[in-house]
Amino acid sequence: MIRRALAVLLAALVLTVGAAQAAQATGYRYWSFWDRDGGSWSYASLGPSLSRPEDGDVQGFRFAVSEDSQDAARPRGAAEFAVICARTPARDGKKRVALVLDFGTAADAPSGERPPARRTVCARVAPDATTADALAAVAGPLRYDSNALLCAIDGYPRKGCGEQVASGEKPGATNTSSDDSDGGASVGLVAGVAAVVVLGGAAIWQARRRRG
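Here the structure is a predicted model, which means the values were calculated and not measured. (Residues numbered from 1 in each chain as written. Predicted model: local features only at pLDDT ≥ 70, side-chain atom pairs only at ≥ 80, totals over all residues. Heavy atoms only, no water.)

K.L.:
Teacher, can you tell me more about the nonpolar core here?
P.N.:
Within soluble globular proteins, side chains that are nonpolar tend to cluster in buried spots. Core analysis: the biggest nonpolar cluster contains 20 residues, and Trp31, Phe61, Leu99, Leu101, Leu135 and Ile153 have the highest contact counts within it. Sorting the residues of this core by element identifies strand S1 (26-37), strand S3 (58-66), strand S4 (95-102), strand S5 (119-125) and helix H3 (131-139) as the ones contributing at least two each. Judged by nonpolar contacts, the second largest core, of 12 residues, contains Tyr30, Ala72, Ile84 and Ala98. (Core = buried A, V, L, I, M, F, W, Y, C linked by side-chain atoms within 4.5 Å. Buried < 20%, exposed > 50% of the residue type's maximum accessible area, 1.4 Å probe, protein only. Helix = DSSP H or I, 4+ residues; strand = E, 2+ residues; numbered from the N terminus.)

K.L.:
Which parts of the structure should I look at to understand H3?
P.N.:
Helical geometry note: an α-helix holds 3.6 residues per turn, so side chains three or four residues apart project in the same direction. Listed as buried for H3 are Thr131, Ala132, Ala134, Leu135 and Ala139. For H3, the buried positions fall inside an angular range of 160° around the axis, keeping them on one side. (Arc of directions from axis to C-beta.)

K.L.:
Before we go on, may I ask you to explain the pairing of S4 in this structure?
P.N.:
Side chains on a regular strand alternate between the two faces of the sheet. S4 sits mainly inside the fold: 8 of its 8 residues count as buried. Because side chains alternate across S4, one face comprises the buried residues Lys95, Val97, Leu99 and Leu101, and the other comprises Arg96, Ala98, Val100 and Asp102, equally buried. With 5 bridges joining them, S3 and S4 adopt parallel strand pairing. From the neighbouring strand, Val58 faces S4, where its bridge partner is Ala98. Here 7 bridges tie S4 to S5, and the two strands are oriented antiparallel to one another. Considered in S5, the bridge of Val97 is made with Ala123. (Pairing = 2+ DSSP bridges.)

K.L.:
Please clarify how the environment of Arg62 should be interpreted in this entry.
P.N.:
By secondary structure assignment, the location of Arg62 is in strand S3. You can call Arg62 buried: its relative accessible area is 7%. Residues Arg62 and Leu101, spaced 39 residues apart in sequence, show a C-alpha to C-alpha distance of 6.4 Å. A polar contact is formed between the side chain of Arg62 and the backbone oxygen of Arg74, at a distance of 2.8 Å. (Polar contact = N/O pair within 3.5 Å; in protein donor to acceptor, adjacent residues only side chain to side chain.)

K.L.:
I tried to follow the packing of aromatic side chains on my own but got confused; where do I start?
P.N.:
Each pair of aromatic rings is reported with the distance of its centres and the angle of its planes. The final tally for this structure, using the stated rule, is 6 aromatic pairs. A centroid spacing of 4.9 Å and a plane angle of 15° characterise the contact between Phe33 and Phe61, whose relative ring orientation is stacked. Here the residue Phe33 occupies a position in strand S1, and Phe61 occupies one in strand S3, the gap between them amounting to 28 residues. Overall, Phe33 belongs to the buried group, its relative accessible area being 7%. A connected cluster of aromatic rings, assembled from ring pairs, spans Trp31, Phe63, Phe103 and Tyr156. Of note, Arg36 hangs over the ring of Trp41, and the distance from its end group to the ring centre comes to 5.0 Å. (Phe/Tyr/Trp six-rings, centres within 6.5 Å; stacked < 30°, edge-to-face > 60°. Lys NZ or Arg CZ within 6 Å of the ring centre and 35° of its normal.)

K.L.:
Sorry if this is basic, but what is going on with the pattern of salt bridges here?
P.N.:
When the charged atoms of two side chains with opposite charge come close together, those side chains can pair. Counting across every chain of the model gives 5 salt bridges. Ionic pairing is found between Glu163 and Arg29, a salt bridge with its closest N-O pair at 3.1 Å. In this pair, Glu163 sits in the loop between strand S7 (150-152) and strand S8 (164-166) while Arg29 sits in strand S1, placing the two residues 134 residues apart along the sequence. Here the two residues Glu163 and Arg29 agree in accessibility, since each one is buried. Two residues, Arg76 and Asp102, come together in a salt bridge whose shortest N-O distance is 2.7 Å. Separated by 26 residues along the polypeptide, Arg76 in the loop between S3 and helix H2 (81-84) and Asp102 in strand S4 bring together distant segments of the chain. By relative accessible area, which is 37% here, Arg76 ends up partly exposed. Since its relative accessible area comes to 0%, Asp102 is described here as buried. Residues participating in the shared-partner salt-bridge network are Arg62, Arg76 and Asp102. (Salt bridge = Lys/Arg side-chain N within 4 Å of Asp/Glu carboxyl O.)

K.L.:
What's the story with the environment of Ala139 in this structure? I'm lost.
P.N.:
Structurally, the position occupied by Ala139 is in helix H3. Overall, the relative accessible area of 0% leaves Ala139 in the buried class. Those residues within four positions of Ala139 in sequence are excluded, and the remaining contacts are Leu101, Arg119, Ile153 and Asp154. (Contact = heavy atoms within 4.5 Å.)

Here you go:
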């Protein structure tokens, strides 16, 4: 009986720790950058400041909470160069780049902010302009951090830049707990383990009592 009680205790501990680790999984709130290839989006291999699109290219930006590039949310809606740049005529010595700006959903917005509506713009820039140059020409103000990470397009969001967001957090909240992000035990984990220990102790006590 004692061995059985200990087995139950161990199993409960494993389940408690596993649930706590799942609850602590984190994503990041940031602007992702995309290239349009035919009728689909692909995650850009270069940052906006290094990418040099050609005339007729379509590129997109999406603000969302994502764990990594494979999990990142793509820009939504139609994205056709002929439609986006229909009212921006071609000019000699210039190139046109169609940009899709998807500010995301309310669930991904920082606390106290509301995402603007998705929109498309056509940037007419110099032939050697980067995507960052094209974006600055039509969607400023832009905001970057000290590592040149794009933090805001058209002033959105007002604050924050690539901050961690724990999965399971309510929309608009950010993860500010250094204990959880460093892998320390959360309050829920400690409480769960304590409860399991109490239950396990009671089971062992009852087993000993029956044997006695």
